[in-house]
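Structure assessment
If you want the building blocks of each chain, they are given just below.
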Amino acid sequence: MSALTGRPPRREPRSILPWLAAPALVVFAGFAVIPLVGVFALSFTTWDGIGAIQPSGLTSWRAVLTDPGLPHALWVTFLVMAVSWAVQTPLSILIGTFLAGRQRYRAVLGVVYFVPVTLSSAAIALAYKALLDPNFGLGAGLRIQALSQDWLGRPGLAFGVVVFVVSWQFVPFHSLIYQGGVQQIPKSLYEAAQLDGAGRVRQFFSITLPQLKYTIITSSTLMVVGSLTFFDLIFVLTEGGPGDATRVLALDMYKRGFQASLMGPASAIAVILVLVGLALALLLRRLGGRDAGASQLEGA
């Protein structure tokens, strides 16, 4: 009741609330749903990117699914995804936990660590390509024989370079996520552990990691789904080589669509990427168990 008028406070009608989300829905539909539907429809056509679009049924899908290069591209994509996740996740957790401290210098380090995220992937690839040149790169300049190798000319080394550069660029972003997650852990848990005589290592494995469960799920989802879109960095760094050692699915889509002018098969690969990303995101959400937001509210 209002103290002045004696009337109950005025409430907005429930019918107005859905309209508040209308602008966001319009933007999402215009930039996500409609293009996705268009790509799906384009996968059933034959088009060179310039001339008329000709419906061709399942021709593009047959060409993609029967291509022996598709399983290899899928394998390389999943391999890059798995190895980069295995490298980035432990490093991100450790750095994020370290940066969650209260010392002033850690804030400065946090800003320095975040610099790679602000750089263009193409610029990073060009820089590393120059640094790793066996004749004029860092190894030749410092006369260090171990660094003067054909890093991008041998399949195993090229794959390792791709994973290293990807991790170098995105570890800071995920470290920031884990830093926020660690800062949300109640300090009383650590104080109780200290009273019980637990050291920092025991606190990390018994308190920090279990409390970061949903943060790990969120970071892993971004990491896994984002790895499906690696294109510019790999294109500039190795162009999918040597051979097809680093030819991921996104790069295969580009080469089919813009180099071979096969927009139908390229659109089919794009649909496959969307389906794989959706399946992985749902799987990770399922592994996370209950909704993270609800669990956080329960523990608040």
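Residues numbered from 1 in each chain as written. Predicted model: local features only at pLDDT ≥ 70, side-chain atom pairs only at ≥ 80, totals over all residues. Heavy atoms only, no water.

1. Looking at the overall build of the protein chain
Within the protein chain, the regular secondary structure consists of 16 helices and 2 strands. Relative to the compact-globule value of 19 Å for 300 residues, the protein chain shows a C-alpha radius of gyration of 25 Å, a clear excess of over 25%. When the 300 residues of the protein chain are sorted by exposure, 33% land in the buried category. Here the contacts in the protein chain between residues at least 6 apart in sequence split such that 65% fall between residues at least 24 apart. Accessible surface for the protein chain amounts to roughly 18300 Å². Of this, 68% is attributable to carbon and sulfur atoms. Here the protein chain holds 21 positive side-chain charges and 13 negative ones, and the gap between their average locations is 11 Å. (Helix = DSSP H or I, 4+ residues; strand = E, 2+ residues; numbered from the N terminus. Rg over C-alpha atoms; globule rule 2.2 N^0.38 Å. Buried < 20%, exposed > 50% of the residue type's maximum accessible area, 1.4 Å probe, protein only. Contact = heavy atoms within 4.5 Å. Areas by Shrake-Rupley, 256 points an atom, 1.4 Å probe, with all protein chains shown as cover. Lys, Arg positive; Asp, Glu negative; His and termini not counted. Charge placed at Lys NZ, Arg CZ, Asp CG, Glu CD.)

2. Side note on the environment of Ser120
Summarising the element assignment, Ser120 is placed in the loop between helix 6 (115–118) and helix 7 (121–131). Accessibility expressed as a relative area gives 41% for Ser120, which makes it partly exposed. Of the polar contacts made by the side chain of Ser120, one reaches the backbone nitrogen of Ala122; its length is 3.3 Å. (Polar contact = N/O pair within 3.5 Å; in protein donor to acceptor, adjacent residues only side chain to side chain.)

3. Examining the environment of Phe40
Inspection of the secondary structure assignment puts Phe40 in helix 2 (residues 22–42). Taking the C-alpha atoms as reference points, Phe40 and Leu65, separated by 25 residues in sequence, lie 15 Å from one another.

4. Quick look at helix 14 (residues 249–259)
Among the residues of helix 14, those classed as buried are Leu249, Ala250, Leu251, Asp252, Lys255, Arg256 and Gly257. Elements that come into contact with the buried residues of helix 14 comprise helix 3 (59–65), helix 4 (69–99), helix 13 (232–237) and helix 15 (263–287). The first or second residue beyond helix 14 is Ser261, which carries a positive phi of 55°.

5. What about the UniProt feature "transmembrane region" (unreviewed entry) in the protein chain?
Mapped onto this structure's residue numbering, the UniProt feature "transmembrane region" (unreviewed entry) falls at residues 20–42, 73–100, 107–128, 157–178, 214–238 and 258–284. Spanning residues 107–128, this segment combines 86% helix with 0% strand, and its end C-alpha atoms are found 27 Å apart. With 80% helix and 0% strand, the stretch residues 214–238 has end C-alpha atoms that lie 35 Å from each other. (UniProt positions renumbered as here; feature names shortened; annotations may be inferred.)

6. Considerations on the nonpolar core
Of all hydrophobic cores here, the largest spans 20 residues; its most connected members are Val80, Val161, Val165, Leu233, Ile234, Leu237 and Val248. At the level of elements, helix 4, helix 7, helix 9 (155–183) and helix 13 are the ones that each hand at least two residues to this core. Here the element with the most residues in this core is helix 9; it accounts for 6 residues. When residues no more than four places from it in sequence are discounted, the contact partners of Ile234 are Val162, Glu239, Gly240, Thr246, Val248 and Leu251. (Core = buried A, V, L, I, M, F, W, Y, C linked by side-chain atoms within 4.5 Å.)

7. Observations regarding the packing of aromatic side chains
This structure, assessed with the given rule, holds 10 aromatic pairs. Here the aromatic rings of Tyr254 and Phe258 are separated by 5.6 Å at their centres, their planes lie at 25°, and the arrangement is stacked. Highlighted residues: Tyr254 and Phe258, both in helix 14, separated by 4 residues, approximately one helical turn. In this structure Tyr254 comes out as partly exposed when scored by relative accessible area, which is 24%. Residue class for Phe258 comes out exposed when judged on its relative accessible area of 61%. Cluster of aromatic residues (ring-pair linked, three or more members): Phe231, Phe235, Tyr254 and Phe258. (Phe/Tyr/Trp six-rings, centres within 6.5 Å; stacked < 30°, edge-to-face > 60°.)

8. Some words on the packing of helix 4 against helix 11 (residues 200–211)
Axis angle and axis distance: for two packed helices, these are the angle between their axes and the distance between the axes, and together they describe the pair. Orientation of helix 4 relative to helix 11, taken along the N-to-C sense of each, is 95°, at an axis distance of 12 Å. In terms of orientation, helix 4 lies roughly perpendicular with respect to helix 11. Here helix 4 contributes Ile93, Leu94 and Thr97 to the contact with helix 11, which in turn contributes Phe204, Thr208 and Leu209. (Axes fitted to C-alpha atoms, helices over the stretch in contact; angles between N-to-C directions. Parallel < 35°, antiparallel > 145°, perpendicular 65-115°, else oblique.)

9. A closer look at the packing of helix 10 (residues 187–195) against helix 11
Two numbers describe how helix 10 lies on helix 11: the axes approach to 11 Å, and their chain directions differ by 160°. Taken together, the axes of helix 10 and helix 11 are roughly antiparallel relative to one another. Here helix 10 and helix 11 pass one another in a crossing that is right-handed. Of the residues in helix 11, those in contact with Leu189, Tyr190, Ala193 and Gln194 of helix 10 are Gln203, Ile207, Thr208 and Gln211. For the contact of helix 10 with helix 11, the class distribution of residues is 4 nonpolar, 4 polar and no charged. (Left-handed = near helix turned anticlockwise from the far one by under 90°. Nonpolar A, V, L, I, M, F, W, Y, C, P; charged D, E, K, R; others polar.)

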